[in-house]
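One-letter residues, chain by chain:
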Amino acid sequence: MSLTTAPVSAAFLFSCCLFTLHALHMFQLNSYKIGIQLRWLAGHRRGWLGRNVLLLPLLLIFRLNSQIAPGAMFVCFSGQALAQFLYARSHPAKKPLVYTNRVKRLLTTHAVLLSALAFLPPSFANAGGDGAASFLAVWGLWLAFLHMLTPFFILLANIVNSPLEKWINNRYVDDARRLLRDHPKLLVLGVTGSYGKTSTKFFLHKLLSMKYNVLMTPENYNTTLGVVRAVRENLKPWHEIFICEMGARNVGDIKEICDLVKPAHGVITSIGPQHLESFRSLENVVRTKFELADALPEGGAAFLNLNNACIRAERNRRADSGPKMKSVACGFSEDCDYRAHDVGVSAGGSSFFVTMPDGENLAFETALIGRHNVENIVMAVAAADFLGVGRNDIVIGVRRLEPVPHRLQLIRSGRDILIDDAYNSNVTGAKAALDALALFDGRKILVTPGMVELGSRQDELAGQFGAQAAEVCDFVILIGKLQTENILSGLKKAGYPEDKIYVEDTLAAGLARVASLNTDGERKIVLLENDLPDNY
């Protein structure tokens, strides 16, 4: 490396480093799935092409006068690096890149690949025969080309590392399997569903803890490796029940977790059109969620929410012709084993009765709002009763339930109220949140960036959500113009006044808009529905 090329190399590496960290951050948010990342790159091509726009002058400069190549290369790469740095400073990530060991290995492999390609083959540049000028011109274009393809080198590094990652993951999985095998009396209760599974998991933990020592997967650790981590880090000899939340984006994901933890019983909360980009169809979602029921041993109970049409239909189909399954029906209808009725829901909480399988009626009260919370509580009541928790303790436990963070969580600020339903919105959950918003007195304000991953039904369901919001809300604040177009269209089709709709670029700007709204002295009831991560 000469004095001429050293500054150019430094500027190139610095700019590539910033570009790499951004691409790797998105890859992490996309669960290290190459297919999802490629779709993300296709959908955000303007963004990643924009991160190379300052390199385009190089093409013109080299064509006009290759003698000025070193200076032009340095200026272009430095300018590109500075632009990326300033953009990152002005757009802080909601959830920054986590520097796990896997990320460090990816960065190492990526650096080796990029360095080899950038600095090893310049000899071919002399083929033109014009000496140093020709070399610099071709090398500069080569670096610009490599810079533009940086996101794809992350994917290449992932492919190179995949045998090592697979070996490491298998080692962790085997360790978790050994730990579970060393607890032969541990009862595993699986919980899955398109939505409601995390809330139900927390409710189960509260009720079952009235009698047992209970471990649950923390936060949203619901992938195979998330469960593995929970087991390896948290499972203790005194635990009697392990509540395992099971998430899925593809057919077979639930089966993979079941093969690991061997659930004795299962809870399926609800099924709907979620993650349709990867599942492709609602039928595949149903099949995947029922992989939990298929994995149960003889005598195992599947607690099913019969209020959900998909679950009811699948249960009936299996009763007629499919594999036999011991199901425990929960819900509001007469044919349920655990039937909730006389449900009273207000802004102050919910009250309801549950008729148990032996006919006893239990009265419940909870501070949680929303009818769908009652659905989830009934599932937890059924499982706790089935597993021998005393009924008085169940009633007390329900009274002590607290809102799960970011799932219809009430946050009071003086007279105003924020209903935080920011976690991973879905069609049914969003409608339930609007129903909860309608319970309050005051000016009702919806703040939302919309919903994602609804596949071919994205436009239809977003428009439907807009029409539902028009029936409830006094103001609607949409976050992000492009992704909320169909919600806006649904609002307009429903005849919603356009002067009550605001479109802002960021959540911070949306909340500032809320603060500025004049509500004539009435308190503001703000529903925050969904908060998309940085990859949307």
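Residues numbered from 1 in each chain as written. Predicted model: local features only at pLDDT ≥ 70, side-chain atom pairs only at ≥ 80, totals over all residues. Heavy atoms only, no water.

**Some words on the pattern of salt bridges**
Applying the stated criterion across every chain yields a total of 20 salt bridges. Linking arginine 229 and glutamate 233 is a salt bridge whose minimum nitrogen-to-oxygen distance equals 3.1 Å. Placement of both arginine 229 and glutamate 233 in helix α10 (residues 224–234) is noted, with a separation of 4 residues, approximately one turn of the helix. Relative accessible area serves as the criterion here: at 43%, arginine 229 is assigned to the partly exposed category. Between arginine 317 and glutamate 314 there is a salt bridge whose closest N-O contact spans 2.9 Å. Highlighted residues: arginine 317 and glutamate 314, both in helix α15 (residues 309–320), separated by 3 residues, approximately one helical turn. Accessibility expressed as a relative area gives 10% for glutamate 314, which makes it buried. Because the salt bridges share partners, they merge into one network encompassing Asp175, Arg178, Asp182 and Arg232. (Salt bridge = Lys/Arg side-chain N within 4 Å of Asp/Glu carboxyl O. Helix = DSSP H or I, 4+ residues; strand = E, 2+ residues; numbered from the N terminus. Buried < 20%, exposed > 50% of the residue type's maximum accessible area, 1.4 Å probe, protein only.)

**Quick notes on the nonpolar core**
One finds Leu204, Leu208, Phe364 and Val398 to be the most contacted residues of the largest nonpolar core, which totals 41 residues. At 9 residues, helix α16 (residues 371–386) tops the list of elements feeding residues into this core. By size, the runner-up hydrophobic cluster in this structure holds 36 residues, among which are Ala176, Phe242, Ile254 and Ala293. (Core = buried A, V, L, I, M, F, W, Y, C linked by side-chain atoms within 4.5 Å.)

**Focus on helix α6 (residues 101–119)**
Relative to the 27 Å expected for 19 residues at 1.5 Å per residue, α6 spans 27 Å between its end C-alpha atoms, a close match to the ideal helical length. Those residues of α6 lying buried are Val103, Leu106, Thr109, His110, Leu114 and Ala118. Seen from one end, α6 has its buried residues packed into an arc of 155 degrees, which puts them on one side. (Expected span 1.5 Å × (residues − 1). Arc of directions from axis to C-beta.)

**Section: the environment of leucine 208**
Note on placement: leucine 208 falls in helix α9 (residues 197–208). Of the residues examined, leucine 208 reaches a relative accessible area of 0% and is grouped as buried. Remark: the alpha-carbon pair of leucine 208 and glycine 397, spanning 189 residues in sequence, is separated by 8.8 Å. Once residues within four sequence positions are removed from consideration, leucine 208 is found in contact with Leu189, Val214, Ile241, Ile243, Ala384, Leu387 and Val389. (Contact = heavy atoms within 4.5 Å.)

**Quick word on the sheet that holds strand β11 (residues 416–421)**
Spatial ordering of the open sheet is given by β10-β11-β15-β12-β13-β14, a layout of 6 strands whose pairing is mixed. Only two strands of the sheet have a single partner each, and these edge strands are β10 (409–413) and β14 (501–504). The average undirected angle you get between the axes of adjacent strands in this sheet is 20 degrees. Taken together, the 5 bridges between β11 and strand β15 (residues 524–529) define a ladder with parallel strand orientation. Across the sheet, the residue bridging to isoleucine 417 is isoleucine 525, located in β15. (Pairing = 2+ DSSP bridges. Axes fitted to C-alpha atoms, helices over the stretch in contact; angles between N-to-C directions.)

**Digging into the pairing of strand β12 (residues 443–448)**
In terms of residue burial, β12 counts as a mostly covered element, since 6 of its 6 residues are buried. Across the two faces of β12 the burial is the same, with Arg443, Ile445 and Val447 and Lys444, Leu446 and Thr448 all buried. Pairing analysis gives 5 bridges linking β12 to β15, with the strands arranged parallel. Residue pairing in the sheet places valine 447 in a bridge with leucine 528 of β15. Bridge count for β12 against strand β13 (residues 475–479) is 4 bridges, and the pairing is parallel. Each residue of the ladder has a partner; that of isoleucine 445, found in β13, is phenylalanine 475.

**Here we look at the packing of helix α8 (residues 150–181) against α10**
Across the interface, α8 lies against α10 with an axial gap of 9 Å and an inter-helix angle of 50 degrees. One way to sum up the angle between α8 and α10 is to call them oblique. Note on packing geometry: the crossing formed by α8 with α10 is left-handed. On α10, the residues touching Asn169, Tyr172, Val173, Asp175, Ala176, Leu179 and Leu180 of α8 are Leu225, Val228, Val231 and Arg232. Within the contact of α8 with α10, the residues separate by chemical class into 8 nonpolar, 1 polar and 2 charged. (Parallel < 35°, antiparallel > 145°, perpendicular 65-115°, else oblique. Left-handed = near helix turned anticlockwise from the far one by under 90°. Nonpolar A, V, L, I, M, F, W, Y, C, P; charged D, E, K, R; others polar.)

**A closer look at a nonpolar patch on the surface**
A contiguous nonpolar surface patch, about 280 Å² in accessible area, is contributed by Leu82, Phe85 and Leu86. Relative to the helices and strands, leucine 86 resides in helix α5 (residues 69–90). (Patch = residues over 30% accessible without salt bridge, like charges linked within 9 Å, V, L, I, M, F, W, Y side chains within 5 Å. Areas by Shrake-Rupley, 256 points an atom, 1.4 Å probe, with all protein chains shown as cover.)

**What to know about the packing of α10 against helix α11 (residues 253–261)**
At a closest axis distance of 9 Å, the pairing of α10 and α11 adopts a crossing angle of 25 degrees. Comparing the axis directions of α10 and α11 gives the class roughly parallel. When you trace α10 past α11, the crossing you get is right-handed. On α11, the residues that touch Thr224, Val227 and Val228 of α10 are Glu256, Ile257, Leu260 and Val261.

**Remarks on the sheet that holds strand β7 (residues 338–346)**
On the basis of which strands lie adjacent, the open sheet formed by 9 strands has the order β2-β3-β1-β4-β5-β6-β7-β8-β9 and mixed pairing. Both outer strands of the open sheet, β2 (214–216) and β9 (361–366), are each paired with one neighbouring strand and no more. This sheet shows a mean twist of 20 degrees between the axes of neighbouring strands, independent of strand direction. Alignment of strand β1 (residues 187–192) against strand β3 (residues 241–245), held across 5 bridges, turns out to be parallel. Among the inter-strand pairings, glycine 190 is bridged to a residue of β3, identified as cysteine 244. Contacts between α16 and the sheet are confined to β4 (265–268), β5 (302–305), β6 (327–331), β7, β8 (349–355) and β9, with β7 contributing the most and set at about 145 degrees to the helix.

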